[in-house]
Amino acid sequence: MPKNRNVLMFLFLILLGTTAAFGQVGTASSLTGTVTTEGAPLPGVTVTVSSPGLQGTRTTVSGEGGGYNFPSLPVGAYTVTFELSGLQKVTRQTTLQLATGGRVDVDMKVSAVSEAITVTASAPAVLETTEVARNFTSEQVSLLPVRRNITDTVVLAPGVNTNGARGNITISGAGSFDNLFMVNGVVVNENLRGQPHNLFIEDAIQESTIITGSVSAEYGRFTGGVVSTITKSGGNEFTGSFRDNLTNGDWVAKTPIEKADHVDKVSHVYEGTLGGYAWKDRLWFFGAGRKASGAPADGKNASKSTSVLLIPYQNTIDEDRYEVKLTAQVLPQHSVIASFLDVDTVETNNAFVPIYDDLSIVPTRSLPNDLLALSYNGVITSSLLLEGQYSEKNFAFVNSGGRFTDQIGGTWLADTRARWNAPVFCGVCTAEERNNDSKLLKTTYFVNTRNWGTHTLVAGGEDYHETRLANNYQSASQFQIVTTGTATILPGDTNIYPRLDRNSAIQYRPILELSQGSNLTTKAFFANDKWDFNKHWNFNLGIRFDKNDAIDASGNTVSDDSAFSPRLGVVFDVRGDGRFRVNASYSHYVAKIVDGNVGGFAAGAGAPALFQYRYETDPAIAASLGVPVAPSINPAGTPQNQLIPTQAALQILFNWYNSLSEAQKNALLTAVSYPGFSAAVLEPISSPYVQEIVLGFGSQFSRRGYVRVDFINREWNDFFQSRTDLSTGTFTTPAGQKGDLNTIVNDDGFIERKYRGIQTQFNWAANRWNVGGGYTWATLKGNDSPEGDGTAAVRNAFGYVYPEYLNYENRNPKGYLFGDQRHRARVWAGYDVPFPMGKLNATVIQSYDSGRAFSAVGSVNAGASSPGAPANPGYLLTGLGTVHDYYFSERGAFRTEEAHATDLALNYSLPIRMVELFVQGQVLNVFNNDAVNNIWLGNMNFTVETNRSGGAGLVAFDPRTTTPVEGTHYRLGPSFGKENNQDAFQQARTYRFGVGLRF
């Protein structure tokens, strides 16, 4: 490590010696090419680029091999001119896309009497690179039946789906928390779950690029993919827009299980933009605003309902978003960009689903969010460019949780299906903050030779810093009740009757030490050579070095890790004319350390302790423990007129619990987690990483059409893993409680995660048609469970946790993982309809999703009291418990329904002098296909009844030696694989409208 640290510091000093500015990644494009005459390299040609998005012009001269290069150009349409005395001037038009480079090659002729101008479309940027990427401009997205935001745009790309926890975005097989999302070069990931915050205004987005494989060395801290979005800037012309987006709960069809009508109320989301100049080619400005009142919080449907009881509620937001951007050319070819975006959000009726009742809903909460970016780029010479960026992002949860701190009103209960009685978390405790900031330096140098081609050399360094200040109260009362017995719910009765018996547990979750904040830092250096050897061969030679330092809220070092990541690629142009290309690459991606269940694993500060007490209703066992018998509440067979509702049941439970002495409570302890004592990081952990191989083929089959197919093979390593075995020892709390110490390590053989995918994309535009889309065939196999229902990265618990008891084969078998989906397609076609006045366009998206994998998993007792349990080899058994998973099917043996939908958009615009009026109507899921395909958040029922879960007549068995028999040892629940609530269905038929003007 000292040697690596010295190397990194040396490279940073070199960069600091060349510029005092900060740099940026993922906010611009580049242009390169070769100038020839009669096929021979032509040096000395003056190449000039101009664009409405570029202040002034940029000029360079072709090198001895005829090559030229323009790094860090704003995205958009460009005019490229080539001039050399005695030869015809050549002009080309091209469009540069975000985060991918463009190429224009020309062959110049001897001058004629008149100057010749040639206008030729360039090859698609997606074929010029080894990166597996898809780009969407705002103009393309505005015609599609989507919401024009980042998430709706991202899922149009191949290799992307919404199969992560809580329906979050996953890319190329990674966990949903493990992607990189950027807006204007600023990381906008939410710190724990990794999804993009809404730090954008839809009409202000210029374009987005999604990279799903063979990612450049300039990007790090992910094992999934990279999504880069840039917003618009001002210009030498004044432009602007105003838009009203209209939605209504009554315009959304009811799913087959919904009873209540949706609320018939029109919601408006207003957007406005204005850009222009204060000084032409010197100072541009751009501003945007967005206001939503009573809009659906998920952007789709405000009408929600609870599980089973189907109590309707409206989940809405009142939100104001503002963006300001200034672009200044402070010196010729030296520019500074400053952008600021602020979001003030108040959400009504937020719920940490699945829930049964409206008591589990947070009435209102605030989510303040903002980002700031300051960037610089300067052309030092025709071959040398310097860039830099400083950015910061701030986010907080305010009043997000329960409001009542008493044991009855502030305690939530959970069974196998849902939670109820109170919201999760505490809304009257400390607000939680999740922030990041970054400093980045980057230099680009271009070398052109006659015999060895051209080299675009990029080197840079980044200092990324992520903080989280959280006192993670799990409930407002600090208590929660967990039972494996499913609560009783009667038809026509909104009461919930919990089954509280010896299979129930009282969990006390106090915060014993308030947090001062965690500190997760990644320092990185990257270097990359894009080497165009000749017209047939192009190489990408990249390396990235990441140094992860993770300090938790208690000041413990969680990670002190470093790794090199090679990024190597090659493109072979079969005929040398850009029509047919073959690509191959090898890449290594290193994740960041995620806070929460991993980075904060051993922190005492801000983390909830766990004291789990059995609710002992068995008289014989209670007597042996010296405790009073707990009242059995609503046992099986209780007459309906004698059932006890939740809050009365809680009063009985807490009357019993509060009567216990400390000694009696200690006798009932079944699990203890004492932050700072029960868990420890004995040795700093390493960051997980993935190795990737990509093989692909692309063809430009017409002047305006292309297709590309890539096979992506990924394998993950160094998984986060819990360890509690005879080597980890024990702990003793300040109160004298003892337990088995839980530690965190990197897996070395028990866990596996493999992704195989074929990602296909195509586009064709001709005459009035624009056709495009993507298709993914993929498998995701192994036994890695990197994320839970609504949580951040989690630790695998198979292999090292009480292995003598829990390493039975069916606890964590290998197979098809959650997230596995064999086929996924998004194909669209747009047609400009001939119309006598104005412009009319019709665009349709056809989607297809094959079934998603799930398994039959039930709870069994594999602990010390289970049938056939081994003799205790020396544990205290405080973390073993009595509830453990058992796979009664092969992993991924079941599939949800396949889903297909047809979405339609009609776009009409009418120019009136300098203003264009427009209206858009969208119909999603035109034919109202009601497939059940959303497996997360308790949306579907996966109940497997066992003796441990209270299944009547079922026999306990030894999970280590017995092959269970259906009907004897287990049975699938009567609703297994069926919907629990409306969110299990794909989006029902929905109408949306937008109307506005632009100039």
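Residues numbered from 1 in each chain as written. Predicted model: local features only at pLDDT ≥ 70, side-chain atom pairs only at ≥ 80, totals over all residues. Heavy atoms only, no water.

Visitor: I'd love a proper account of the overall build of the protein chain, names of residues and values included.
Guide: On a plain count of helices and strands, the protein chain comes out with seven helices and 59 strands. Taking 999 residues into account, the globule formula puts the C-alpha radius of gyration at 30 Å, and the protein chain, at 30 Å, falls close to it. Dimensions of the protein chain, computed from the C-alpha atoms along their principal axes, are close to 110 × 70 × 50 Å. The burial tally for the protein chain puts 58% of its 999 residues in the buried class. Considering only intrachain contacts with a sequence separation of at least 6, the fraction spanning at least 24 residues in the protein chain is 74%. (Helix = DSSP H or I, 4+ residues; strand = E, 2+ residues; numbered from the N terminus. Rg over C-alpha atoms; globule rule 2.2 N^0.38 Å. Buried < 20%, exposed > 50% of the residue type's maximum accessible area, 1.4 Å probe, protein only. Contact = heavy atoms within 4.5 Å.)

Visitor: How would you sum up the environment of P363? Please name residues and give values.
Guide: Here P363 lies in strand β24 (residues 361–366). Separated by 48 residues in the primary sequence, P363 and N315 have C-alpha atoms spaced 9.4 Å apart. In contact with P363, other than residues within four places in its own chain, are E347, T348, N349 and R403.

Visitor: I'd like a rundown of the sheet that holds strand β39 (residues 679–680), residues and numbers included.
Guide: Reading across from one edge, β39-β45-β42 is the order of the three strands in this open sheet, with mixed pairing throughout. In this open sheet, the two edge strands, each paired with only one partner strand, are β39 and β42 (720–723). Direction of pairing for β42 relative to strand β45 (residues 742–746): antiparallel, over a ladder of four bridges. Bridging from a neighbouring strand, Q721 pairs with V745 of β45. (Pairing = 2+ DSSP bridges.)

Visitor: Give a detailed account of the state of the cysteines, specifying residues and quantitative values.
Guide: Counted according to the given criterion, the structure contains one disulfide. Through a disulfide, C426 is tied to C429; the S-S separation comes to 2.1 Å. Handedness of the C426-C429 disulfide follows from its S-S torsion of about 75°: it is right-handed. Given the relative accessible area of 9%, C426 is considered buried. (Disulfide = S-S within 2.5 Å.)

Visitor: Would you mind going over the pairing of strand β56 (residues 915–924) in detail, with residue names and values included?
Guide: Examined bridge by bridge, strand β55 (residues 899–912) and β56 share nine bridges and lie antiparallel to one another. Paired with L910 across the bridge in β56 is L917. In this antiparallel pair of consecutive strands, β55 and β56, the connection spans two residues, and R913 shows a positive phi of 55°. Looking at chain direction, β56 and strand β59 (residues 990–998) are connected through nine bridges and run antiparallel. Within the sheet, the bridge partner assigned to Q920 lies in β59 and is G994.

Visitor: Can you break down the side chain of T129 residue by residue, with the values?
Guide: Relative to the assigned elements, T129 resides in the loop between β9 (106–107) and β10 (132–137). Ignoring anything within four residues of it in the chain, the contact list for T129 reads V571 and R708.

Visitor: I'd like a rundown of the environment of K781, residues and numbers included.
Guide: Its place among the elements puts K781 in strand β47 (residues 769–782). Classification of K781 by relative accessible area gives partly exposed; the value is 36%. When residues no more than four places from it in sequence are discounted, the contact partners of K781 are E752, R753, K754, G815, Y816 and L817.

Visitor: Explain the sheet that holds strand β6 (residues 76–83) to me, and be specific about the residues and the numbers.
Guide: Overall, antiparallel pairing links the four strands, which are arranged β4-β3-β6-β7 in an open sheet. The sheet is open, and its two borders are formed by β4 (57–61) and β7 (90–96), each paired with just one other strand. Direction aside, the axes of adjacent strands within the sheet are offset by 20° on average. Judged from the five bridges that link them, strand β3 (residues 46–50) and β4 form a sheet pairing that is antiparallel. The partner of T48 across the bridge, within β4, is T59. (Axes fitted to C-alpha atoms, helices over the stretch in contact; angles between N-to-C directions.)

Visitor: Summarise empty space enclosed by the protein; cite the residues concerned and give the values.
Guide: Overall, the coordinates contain eight cavities of 30 Å³ or more when judged by the stated rule. The space that makes up the largest cavity amounts to roughly 190 Å³. Looking at the largest cavity, it is lined by 17 residues, and the ones nearest its centre are F177, P688, F719, D784 and P786. Of the residues assigned to the lining of the largest cavity, the class counts are nine nonpolar, four polar and four charged. (1 Å grid on protein atoms, 1.4 Å probe; cavity = no way out; pocket = protein on both sides within 12 Å on 5 of 7 lines; lining within 4 Å. Points joined across faces, edges and corners; volume = space filled by probe spheres on them. Nonpolar A, V, L, I, M, F, W, Y, C, P; charged D, E, K, R; others polar.)

Visitor: With reference to specific residues and values, describe the confidence of the model for the protein chain.
Guide: Summing up the model confidence of the protein chain, the mean pLDDT is 92 and the portion of residues at 70 or higher is 96%. Taken together, the stretch residues 113–121 has pLDDT below 50 and engages in 15 contacts with residues farther than four places along the chain or on a different chain. (pLDDT = per-residue confidence, 0-100.)

Visitor: Talk me through the nonpolar core; I want residue IDs and the actual numbers.
Guide: Of all hydrophobic cores here, the largest spans 35 residues; its most connected members are I481, I506, Y615, F654, W656 and Y657. Listing elements by their share of this core, those giving two or more residues are β31 (479–483), β37 (610–614) and α5 (646–658). Look past the residues within four positions of Y657 in its chain and what remains in contact with it is F479, I506, Y613 and K665. (Core = buried A, V, L, I, M, F, W, Y, C linked by side-chain atoms within 4.5 Å.)

Visitor: An account of a nonpolar patch on the surface is needed here, citing residue identities and associated values.
Guide: A cluster of nonpolar residues, F238, F242, Y270, L274, I912, M914, V915, L917, L997 and F999, forms a patch on the protein surface that exposes about 910 Å² of accessible area. Every element with two or more residues in the nonpolar patch is listed here: β18 (266–279) and β56. Within the element layout of this structure, F242 appears in strand β17 (residues 239–248). Using a relative accessible area of 41% as the deciding quantity, one classes F242 as partly exposed. (Patch = residues over 30% accessible without salt bridge, like charges linked within 9 Å, V, L, I, M, F, W, Y side chains within 5 Å. Areas by Shrake-Rupley, 256 points an atom, 1.4 Å probe, with all protein chains shown as cover. Salt bridge = Lys/Arg side-chain N within 4 Å of Asp/Glu carboxyl O.)

Visitor: Give me the side chain of R852: which residues, what numbers.
Guide: Secondary-structure assignment places R852 in the loop between β50 (839–849) and β51 (853–854). No salt bridge is formed by the buried R852, whose closest oppositely charged neighbour, D849, lies at an N-O distance of 4.4 Å. Reaching out from R852, the side chain makes a polar contact with the backbone oxygen of N933 at a distance of 3.4 Å. (Lys, Arg positive; Asp, Glu negative; His and termini not counted. Polar contact = N/O pair within 3.5 Å; in protein donor to acceptor, adjacent residues only side chain to side chain.)

Visitor: Could you give an account of α5, with specific residues and numbers?
Guide: Over its 13 residues, α5 extends 18 Å from the first C-alpha to the last, a length consistent with the 18 Å expected when each residue adds 1.5 Å. Those residues of α5 that fall on the buried side of the exposure criterion are T646, A649, L650, L653, F654, W656 and Y657. Buried residues along α5 cover an arc of 155° about the axis, so they all sit on one side. (Expected span 1.5 Å × (residues − 1). Arc of directions from axis to C-beta.)

Visitor: Describe in detail unusual backbone geometry, supporting the description with residues and values.
Guide: Looking along the chain, the bond that leaves V353 and enters P354 is cis, with omega of 10°. Looking at where P354 falls in the secondary structure, it is placed in the loop between β23 (334–351) and β24. In this model, V308 sits at a positive phi of 65°, which is unusual for a non-glycine residue. Within the fold, V308 resides in the loop between β20 (303–305) and β21 (312–314). The backbone of N767 sits at a positive phi, close to 55°, despite the residue not being glycine. By secondary structure assignment, the location of N767 is in the loop between β46 (753–766) and β47.

Visitor: Please provide a residue-by-residue account of the pattern of salt bridges, values included.
Guide: Considering all chains together, one arrives at 47 salt bridges under this definition. Residues D849 and R824 are paired through a salt bridge, measuring 3.2 Å at the closest nitrogen-oxygen approach. Here R824 lies in strand β49 (residues 823–833) and D849 lies in strand β50, a separation of 25 residues in the sequence. The exposure classification of D849 matches that of R824, with both residues buried. Put simply, E190, E432, R434, R468 and D595 are held in one network by salt bridges that share partners.

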